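The residues making up each chain are set out below.
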There are 2 protein chains.
Amino acid sequence: MYSFTEENYLKAIYKLQEQSDVSINTNAIALSIQTKAASVTDMIKKLSDKKLLKYEKYKGVELTKEGKRVALETVRKHRLWETFLHSKLNFTWDAVHDVAEQLEHIQSAELIDKLDEFLGFPTHDPHGDPIPGRNGEIQQSNFILLSEFKVGEKGIISGVVNHSSLFLKHLEKNQLTLGRKIKITEASAFDLSMQIVLDDKNTQQLSHEVARNILVKKTK
Amino acid sequence: MYSFTEENYLKAIYKLQEQSDVSINTNAIALSIQTKAASVTDMIKKLSDKKLLKYEKYKGVELTKEGKRVALETVRKHRLWETFLHSKLNFTWDAVHDVAEQLEHIQSAELIDKLDEFLGFPTHDPHGDPIPGRNGEIQQSNFILLSEFKVGEKGIISGVVNHSSLFLKHLEKNQLTLGRKIKITEASAFDLSMQIVLDDKNTQQLSHEVARNILVKKTK
DNA sequence: AATAATTTTTAGACAAGTCTAAATTATTTT
DNA sequence: AAAATAATTTAGACTTGTCTAAAAATTATT
Ligand SMILES: [Mn+2]
Ligand SMILES: [Mn+2]
Ligand SMILES: [Mn+2]
Ligand SMILES: [Mn+2]
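Now for a quick tour of the structure. Model, not experiment: these values are computed from the prediction. (Residues numbered from 1 in each chain as written. Chains lettered and ligands numbered in written order. Predicted model: local features only at pLDDT ≥ 70, side-chain atom pairs only at ≥ 80, totals over all residues. Heavy atoms only, no water.)

Here's the deal with the coordination of the manganese ion (ligand 4)
All names here are of chain B. At the metal site, the manganese ion (ligand 4) is ligated by E82 (OE), D125 (OD) and H127 (ND1), and these contacts range over 2.1 to 2.3 Å. In the primary structure, the donors to the manganese ion (ligand 4) are separated according to the pattern E-x42-D-x1-H. Taken as a pair, the manganese ion (ligand 4) and the manganese ion (ligand 3) show a spacing of 3.6 Å, with E82 coordinating each metal. Separated by 43 residues along the polypeptide, E82 in helix α4 (residues 65–87) and D125 in the loop between α6 (109–118) and β3 (144–145) bring together distant segments of the chain. Grouping residues by exposure puts E82 and D125 together as buried. (Donors = N, O, S within 2.8 Å, 3.2 Å for Na, K, Ca; no water. Helix = DSSP H or I, 4+ residues; strand = E, 2+ residues; numbered from the N terminus. Buried < 20%, exposed > 50% of the residue type's maximum accessible area, 1.4 Å probe, protein only.)

In structure tokens:
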């Protein structure tokens with residue numbers, strides 16, 4: 001249907017749009033997709049011709065309904081594959097993304113439906129990101145940044161903001177993985193670091209930099 | 001490493017070489033890969049420059065060691081994916097090939113090793129074809145054409161010669177699937193058709209056309 | 001409002017892969 | 001051995017996607 005490259009552009013634009021909500025400019029796309037602004041302009045024209053986005057010279061772009069549909073489908077495929085790699089093939093959560101970047105472009109509706117079923121219709125990927133449904137429905141999760149938590153509050157680690165391999169490996173090493181129960185025991189007004197207890201036993205000190213990249217589902 | 005297209009050419013040449021053993025000519029490749037002879041000549045030159053095959057103008061091609069290595073790796077990936085699709089995702093055996101044609105080009109050694117392990121190191125794909133090992137070792141199977149069997153002989157259905165969807169669906173419908181026990185009860189000298197018994201109960205009449213496309217492992 | 005700085009687009013080129021039509025080379029037939 | 005036929009290669013063009021350098025438009029600064 002749509003090419004490897006087209007899917008990547010649409011996905012990148014979708015993610016930028018998700019964050020900022022205004023129309024997306026050329027440089028932002030170039031940065032996110034690791035290419036040059038001139039290449040982006042070229043591709044944008046083609047996608048506009050195909051009615052996948054609305055483009056006005058010098059004004060940036062906005063996805064059409066169909067463009068958004070393709071983007072969401074690609075995100076769905078990406079996250080389902082990440083889930084497969086992690087939960088079935090035992091890839092670590094920092095290794096799944098690169099392979100999923102390739103797998104997300106395999107063209108087969110049957111494959112994705114069957115993979116979804118095989119995985120038990122997961123709702124979130126190994127990083128806690130929601131997996132869009134067949135029709136692009138994406139369930140809004142009420143996760144809160146750990147850095148927003150107050151002393152005494154509790155929750156379950158449910159996602160990450162930073163997806164870099166370096167950060168994910170750091171979390172893994174400190175057992176700060178999805179599903180872990182976490183409770184804030186101290187918070188420093190000076191450097192915004194926190195003391196936490198994991199699963200009611202393991203006490204740790206977290207820097208603000210770490211805390212502001214962890215998403216937690218609040219519990220009582 | 002090597003592109004989608006390069007892998008496809010190498011795989012196609014490998015399969016032709018496997019069958020005929022002489023050097024492979026342009027038209028045969030064009031036919032097998034569904035392209036034009038002129039395109040084949042272009043690509044052959046590139047593969048020759050990269051030392052993946054030996055090419056003499058007007059004389060055909062032969063894979064080098066490295067060319068064969070890449071071909072076998074691609075075959076390995078293809079057959080492992082087919083096995084995954086069939087045994088884990090419940091694809092029918094006539095539907096796996098097309099999707100595997102895409103999946104075989106995913107670049108990740110870790111992925112293939114882990115998939116292999118996840119599948120329990122299978123030795124044969126859903127069509128009975130052997131799966132090359134990590135180092136390209138391919139185990140020679142001693143399957144015999146059903147059409148060669150004599151009355152009274154027994155065996156286990158273990159593979160197919162014809163891989164077309166039409167043929168595979170026909171076999172499926174008649175329960176002539178891999179692993180089934182089969183015994184020849186009659187053979188017609190006139191049209192070479194056979195009467196067989198499946199799993200000691202189901203009696204069927206098979207045309208020569210069907211029998212000569214089924215591979216059976218002989219048992220006593 | 002004019003100038004400077006930044007962003008975006010255009011112009012022109014390149015790589016991979018494919019194609020048609022024409023030219024070569026090899027093989028078969030006479 | 002020449003002529004006819006078949007196979008293969010070359011020439012030149014096209015598509016997708018990318019890039020650099022230069023031009024044009026927009027935004028920020030004075
Ligand atoms: Mn990812
Ligand atoms: Mn993810
Ligand atoms: Mn196949
Ligand atoms: Mn197969």
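Quick notes on the coordination of the manganese ion (ligand 1)
Residue and element names in this part refer to chain A. Those donors, H78 (NE2), E82 (OE) and H97 (ND1), are the protein atoms that reach the manganese ion (ligand 1), and they lie 2.0 to 2.2 Å from it. All donors of the manganese ion (ligand 1) belong to a single chain; written as a sequence motif, their spacing is H-x3-E-x14-H. Separation of the manganese ion (ligand 1) from the manganese ion (ligand 2) amounts to 3.5 Å, with E82 serving as a shared donor to the pair. Of this pair, H78 and E82 both sit in helix α4 (residues 65–87), four residues apart, roughly one helical turn. Across the pair, exposure class does not vary: H78 and E82 are buried alike.

Observations concerning the packing of aromatic side chains
As enumerated under the stated definition, the model contains seven aromatic pairs over all chains in all. With a centroid separation of 6.3 Å and 80° between ring planes, the pair formed by F84(A) and F118(B) is classed as edge-to-face. Taken together, the positions of F84(A) in helix α4 and F118(B) in helix α6 put the pair across two chains. Accessibility expressed as a relative area gives 22% for F118(B), which makes it partly exposed. Ring centres 6.3 Å apart and planes at 65° place the aromatic pair F118(A) and F118(B) in the edge-to-face group. Placement of F118(A) in helix α6 (residues 109–118) and of F118(B) in helix α6 is noted, with the two residues assigned to different chains. An aromatic cluster of at least three residues, connected via ring pairs, comprises W81(A), F84(A), F118(A), W81(B), F84(B) and F118(B). Its guanidinium or amino end placed over the ring of F118(A), K88(A) lies 4.5 Å from that ring's centre, counting from NZ or CZ. If you follow K114(A) out to its NZ or CZ, it ends over the ring of F91(B), 4.7 Å from the centre. (Phe/Tyr/Trp six-rings, centres within 6.5 Å; stacked < 30°, edge-to-face > 60°. Lys NZ or Arg CZ within 6 Å of the ring centre and 35° of its normal.)

Looking at the nonpolar core
One finds W81(A), F84(A), L85(A), W81(B), F84(B) and L85(B) to be the most contacted residues of the largest nonpolar core, which totals 32 residues. Among the elements of the structure, α4, α5 (96–103) and α6 of chain A together with α4, α5 (96–103) and α6 of chain B are those that each provide at least two residues to this core. Those residues within four positions of F84(B) in sequence are excluded, and the remaining contacts are F84(A), L115(A), F118(A), L89(B), L115(B), F118(B) and L119(B). (Core = buried A, V, L, I, M, F, W, Y, C linked by side-chain atoms within 4.5 Å. Contact = heavy atoms within 4.5 Å.)

Structural notes on the protein's contact with DNA strand C
Within the structure, DNA strand C sits among 21 residues, and K45(A), Y55(A), K57(A), S3(B) and T35(B) are positioned closest to it. Sugar and phosphate atoms constitute 76% of the interface atoms of DNA strand C, taking the interface as everything within 4 Å of the protein. Between DNA strand C and T41(A) there is a distance of 3.0 Å, counted from a phosphate oxygen to a side-chain nitrogen or oxygen. Within the side chain of T35(B), a nitrogen or oxygen atom sits 2.5 Å from a phosphate oxygen of DNA strand C. Breaking the surface near DNA strand C down by element, the ones donating at least two residues are α2 (26–33) and α3 (37–49) of chain A together with α1 (4–20) and α3 (37–49) of chain B. With five residues, the single largest contributor to the surface near DNA strand C is α3(B). (Near = heavy atom within 4 Å. Polar contact = N/O pair within 3.5 Å; in protein donor to acceptor, adjacent residues only side chain to side chain.)

Focus: α5(A)
An α-helical segment advances 3.6 residues per turn. Residues three or four places apart therefore align on the same side. Those residues of α5(A) lying buried are V96(A), V99(A), A100(A) and L103(A). Each buried residue of α5(A) lies within a common arc of 100° when the element is viewed along its axis, so the set occupies one face. Next to the buried residues of α5(A) lie α4 of chain A together with α4, α5 and α6 of chain B. (Arc of directions from axis to C-beta.)

Focus on the relation of the copies chain A and chain B
One copy of the chain maps onto the other through a rotation about an axis plus a displacement along that axis. Once turned by 180° and shifted 0.0 Å along the axis, chain A lies on chain B with an RMSD of 0.0 Å. Such a combination of turn and shift is consistent with a two-fold rotation axis. Proximity to the rotation axis, assessed at the C-alpha, singles out L103(A) in chain A; its C-alpha lies 3.8 Å from the axis. Both copies present the same face, since 100% of the interface residues in chain A are matched by interface residues at the equivalent positions in chain B. (Least-squares fit on C-alpha atoms with pLDDT ≥ 70 in both.)

Points about the protein's contact with DNA strand D
In the region of DNA strand D, 21 residues are neighbours, and S3(A), T35(A), K45(B), Y55(B) and K57(B) sit closest. Among the atoms of DNA strand D close to the protein, meaning within 4 Å, 76% are from sugar or phosphate groups. Contact distances for DNA strand D include 2.5 Å between a phosphate oxygen and a side-chain N or O atom of K57(B). Here a phosphate oxygen of DNA strand D sits 2.9 Å away from a polar atom, N or O, in the main chain of Y58(B).

Quick look at the interface of chain A and chain B
The interface is formed by 19 residues belonging to chain A together with 19 residues belonging to chain B. Interface area for chain A against chain B, summed over the two sides, is near 1,600 Å², with a carbon-plus-sulfur share of 75%. Here chain A and chain B share zero salt bridges between them. Joining chain A to chain B, the criterion identifies four residue pairs in polar contact (both at pLDDT 80 or more). Counting only elements with at least two residues in the side of chain A that touches chain B, the list comes to α4, α5 and α6 of chain A. For the side of chain A that touches chain B, the element with the highest residue contribution is α6(A), accounting for five residues. (Buried area = accessible area lost by both parts, 1.4 Å probe. Salt bridge = Lys/Arg side-chain N within 4 Å of Asp/Glu carboxyl O.)

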